[in-house]
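Breakdown of the fold
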Amino acid sequence: MRDSRPPFIVLLGATAGAGKSILAAFWEWLSRQDDELLSAQALSIDGFHFPNKVMKRRTILRDGQQRLMHEYKGAPESFDLAGIRKKLSALRQGDSIRWPLYDRKIHDPVEDAIAVTSKLLILEGNYVLLDAPGWRDLRGLADFGIFLETDVDLTRERLRQRKLRGGYGMDWVEGHYARSDGPNTALILGQRLPADITLAWRHADGRGGWVAKDDKLKIWGRA
């Protein structure tokens, strides 16, 4: 008999480059190491990016002008927010659903690629805790919120290195940060809903790790 109970949904919000995808995947792996633990499943909102063919014909308002959405891929407007809310609402009702995946080889979403099977879900994404119309509705569809707070300079350097490793030149990387990644980072850090736990990145004794603001929870890793 199918278990129709809704899952426990955790929102994990952070800027791009903060390490939220790796942390969510680690928590999923860790949960499966003990049969007595409720197994977790990491999901991302990246699969809800509008397809490139859509973003290349839609526009968004920037600096008083209509610009192609594709130039600002990664901005809140480039996500199918209604689709995210619809899937989360279905999960809250105990429905069996499939989740989209963002394929980084083709740089496009793949619909219904992931079967959602766990009763503990970690939904990570840049804007899952964004305090903005529509986005703030996600908090009401979840049970718990975690935010990863990072230093702006550290975030910028991580994003720069990611793009450089991807084969982009420094001029393009700096221009992209000024146009897109930088404003997105400022928005995520400065306009967010209160989280149940806020983890801040700290360095100590040659290591770096996530430390809860109340200093009761520490998750150490490599810097």
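Source: prediction; values computed, not measured.

Counted under the stated rule, the structure contains 1 cavity of 30 Å³ or more. Every residue along the wall of the largest cavity is listed here: R156, L159, R160, K163, V173, E174, H176, Y177 and D181. Broken down by secondary-structure element, the contributors of at least two residues to the lining of the largest cavity are α5 (152-165) and α6 (170-190). Ranked by the residues each element gives to the lining of the largest cavity, the list is headed by α6, at 5 residues. Tallied by class, residues from the lining of the largest cavity come to 3 nonpolar, 1 polar and 5 charged.

Let's shift gears to the side chain of D46. Among the secondary structure elements, D46 is positioned in the loop between β2 (40-44) and α2 (52-55). Once you skip the residues sitting within four places of it in the chain, D46 turns out to touch F79, Y102 and R104.

Here we come to the layout of surface pockets. Size it by volume and the largest pocket reaches roughly 1100 Å³. What lines the largest pocket is a set of 34 residues, and nearest its centre among them are K73, Y102, R104, R162 and K163. If you list the elements that add at least two residues to the lining of the largest pocket, you get α1 (20-31), β7 (120-125), α5 and α6. Per-element accounting of the lining of the largest pocket gives the leading share, 8 residues, to α6. Taken together, the residues that form the lining of the largest pocket break down as 9 nonpolar, 15 polar and 10 charged. When its volume is computed, the second largest pocket comes out at roughly 370 Å³. Elements supplying a minimum of two residues to the lining of the second largest pocket: α3 (81-92) and β6 (108-115). When residues in the lining of the second largest pocket are grouped by element, the largest group, 4 residues, is from α3. Tallied by class, residues from the lining of the second largest pocket come to 8 nonpolar, 3 polar and 6 charged.

Below, the discussion takes up the pattern of salt bridges. Taken as a whole and assessed by the stated rule, the structure comprises 12 salt bridges. Measuring nitrogen to oxygen at the nearest pair gives 3.3 Å for the salt bridge that ties D112 to K87. A residue pair is termed long-range when its members are at least 10 positions apart, and D112 in strand β6 and K87 in helix α3 qualify at 25 residues. Across the salt bridge formed by E157 and R160, the nearest N and O atoms sit 2.6 Å from each other. You can see E157 and its partner R160 sitting in helix α5, 3 residues apart, about one turn around the helix. Look at E157 and you get partly exposed, because its relative accessible area is 31%. Among the charged side chains, a network of salt bridges with common partners joins R156, E157, R160 and E174.

How each quantity is defined
Residues numbered from 1 in each chain as written. Predicted model: local features only at pLDDT ≥ 70, side-chain atom pairs only at ≥ 80, totals over all residues. Heavy atoms only, no water. 1 Å grid on protein atoms, 1.4 Å probe; cavity = no way out; pocket = protein on both sides within 12 Å on 5 of 7 lines; lining within 4 Å. Points joined across faces, edges and corners; volume = space filled by probe spheres on them. Helix = DSSP H or I, 4+ residues; strand = E, 2+ residues; numbered from the N terminus. Nonpolar A, V, L, I, M, F, W, Y, C, P; charged D, E, K, R; others polar. Contact = heavy atoms within 4.5 Å. Salt bridge = Lys/Arg side-chain N within 4 Å of Asp/Glu carboxyl O. Buried < 20%, exposed > 50% of the residue type's maximum accessible area, 1.4 Å probe, protein only.

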